[in-house]
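Structure at a glance
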Amino acid sequence: MEYTQLGRTGLKVSRLVLGTMNFGPQTDEPTSHAILDAALGAGVNFVDTANVYGWGENKGRTEEIIGSWFAQGGGRREKTVLATKVYGSMSRSSETWPNEDRLSALNIRRAVEASLTRLRTDHIDLYQFHHVDRRTPFEEIWQAVDVLIQQGKILYAGSSNFPGYKIAQANEIAARRGMVGLVSEQCLYNLAERRAEMEVLPAAQEYGLGVIPWSPLHGGLLGGVIKKEVEGGRRASGRSADALAVTSVRTQVQAYEDLLDKHGLEPGEVALAWLLTRPGVTGPIVGPRTAEQLESALRAMELELSEEVLAGLDEIFPGPGPSPEAFAW
């Protein structure tokens with residue numbers, strides 16, 4: 001396993017991030033624990049979750065599964081860099097009571113305490129804002145974060161789904177307060193969705209944030225979906241099916257799979273390996289439902305893509321280009 005610094009911090013994290021969104025809704029607790037053990041055994045020390053994972057009436061369930069894994073001991077918590085998120089409502093009813101969501105100082109304080117209880121730990125290593133809160137000023141957000149850092153309940157703060165200008169705004173305000181500010185940004189970024197290259201990635205690099213891409217296979221679209229249809233009769237579903245219904249997208253994905261077939265490469269592994277070549281990327285988040293899917297992700301760590309393959313990928317999935325040239329000239 002390779003390790004890198006998380007942005008401009010001294011924190012060392014694995015270049016593969018274990019996402020846990022499937023733990024609970026799709027993967028039961030024993031299997032989730034087995035995946036966590038296998039990942040840790042392979043050197044993956046970075047685990048990402050969110051307080052809302054579990055969804056619906058089971059919000060918080062994913063954090064509980066991780067907490068019961070930590071409770072088994074054996075150095076599990078000590079070896080893990082733990083990241084969770086705050087923003088969404090934790091109400092299990094159809095109505096959200098005031099102050100049960102977003103990034104007010106009150107909700108941040110309550111959400112941290114609830115996550116710590118579910119996770120069975122005394123601190124969160126990376127506490128991430130799951131979305132921009134347009135109603136709460138960063139002065140208030142950083143005041144709440146500063147208190148939590150002083151109390152030892154969180155160590156670092158990060159963002160998720162932030163536009164570039166909000167990354168800049170957040171860190172400029174943090175700097176005026178003498179705070180470290182955001183140290184990471186978790187964003188949608190993959191071969192098929194490269195808009196983050198215009199503003200988000202440059203802002204993250206300028207301010208020293210590590211970039212943690214989510215949905216590296218773009219909902220399965222980059223995981224060999226057409227090949228699976230042909231060979232096993234397994235048809236795409238959900239977001240992949242909707243995307244493939246567009247002729248231009250299907251043509252693009254077919255060209256992608258043909259290129260990798262020519263070089264004897266697996267699509268899902270290449271999609272992950274490509275992200276590891278991108279400037280500023282700390283590591284992609286993988287959300288395995290099974291141990292086999294984790295093994296595939298781990299193989300991507302050992303994959304070195306040739307210049308020919310990289311050029312071919314850029315031809316099939318061209319990036320938007322730098323800002324402002326991408327939209328101004």
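Now for a description of the structure that goes with this document. (Residues numbered from 1 in each chain as written. Predicted model: local features only at pLDDT ≥ 70, side-chain atom pairs only at ≥ 80, totals over all residues. Heavy atoms only, no water.)

1. Let's talk about the packing of aromatic side chains
Applicable threshold: The criterion for an aromatic pair is that two Phe, Tyr or Trp rings (for Trp, the six-membered ring) have centres within 6.5 Å, with stacked assigned to planes under 30 degrees apart, edge-to-face to planes over 60 apart and tilted to the rest. The buried label applies to any residue whose accessible area, calculated with a 1.4 Å probe on protein chains only, is under 20% of its type's maximum; exposed applies above 50%, and partly exposed to all values in between.
Summed over the entire model, instances satisfying the criterion amount to six aromatic pairs. Taken together, a centroid distance of 5.5 Å and an interplanar angle of 45° make the contact between Y53 and W55 tilted. The exposure class of Y53 is buried, given its relative accessible area of 7%. Look at W69 and F70: their rings are 5.4 Å apart centre to centre, the planes differ by 40°, and that puts the pair in the tilted class. Of the residues examined, W69 reaches a relative accessible area of 1% and is grouped as buried.

2. What to know about the layout of surface pockets
Picture a little ball the size of a water molecule; that probe, rolled over the atoms, points out where space is still empty. Rules: Here a cavity means grid points, on a 1 Å grid over the protein atoms only, where a 1.4 Å probe fits yet cannot get out; a pocket means an open set of points with protein on both sides within 12 Å along at least five of seven lines; lining residues are those with an atom within 4 Å of a point. Grid points are joined across faces, edges and corners, and a volume is the space filled by probe spheres set on the points. Put simply, DSSP marks the helices as runs of H or I at least four residues long and the strands as runs of E at least two long, and each gets a number from the N terminus on. Each residue receives one of three labels: charged for Asp, Glu, Lys and Arg, nonpolar for Ala, Val, Leu, Ile, Met, Phe, Trp, Tyr, Cys and Pro, and polar for the others, Gly being one of them.
Counted as a void, the largest pocket has a volume near 1400 Å³. The wall of the largest pocket is formed by 46 residues, among which L217, G219, G220, G287 and R289 lie closest to the centre. Mapped onto the lining of the largest pocket, the elements with two or more residues apiece are α8 (225-232), α9 (238-244), α11 (267-276), β10 (285-286) and α12 (291-300). In the lining of the largest pocket, the residues fall into 15 nonpolar, 20 polar and 11 charged. Along its surface, the second largest pocket is lined by 13 residues, and F162, C187, L188, A196 and V200 are the ones closest to its centre. The biggest single contributor to the lining of the second largest pocket is strand β8 (residues 182-188), with three residues. Grouping the amino acids of the lining of the second largest pocket by side-chain chemistry returns seven nonpolar, two polar and four charged.

3. A look at the environment of S91
Using the following cut-off: The contact rule is simple, with two residues in contact once any of their heavy atoms fall within 4.5 Å.
For S91, the position within the fold is in the loop between β5 (81-86) and α4 (105-119). Residue classification places S91 among the buried residues on the basis of a relative accessible area of 10%. In this structure the C-alpha to C-alpha distance between S91 and E57, which are 34 residues apart in sequence, comes to 8.3 Å. Among residues more than four places away in sequence, those in contact with S91 are K59, T96 and E100.

4. Focus on unusual backbone geometry
Residues S323 and P324 are joined by a peptide bond in cis, for which omega reads 10°. In the Ramachandran plot, W55 falls in the positive-phi region, its phi being about 60° despite a non-glycine side chain. Turning to its location among the elements, W55 is positioned in the loop between β4 (46-48) and α2 (61-70). Accessibility expressed as a relative area gives 38% for W55, which makes it partly exposed. Phi at H218 is positive, roughly 50°, even though this residue is not glycine. Looking at the element boundaries, H218 is found in the loop between β9 (210-214) and α8.

The values reported here are purely geometric and, on their own, carry no functional implication.
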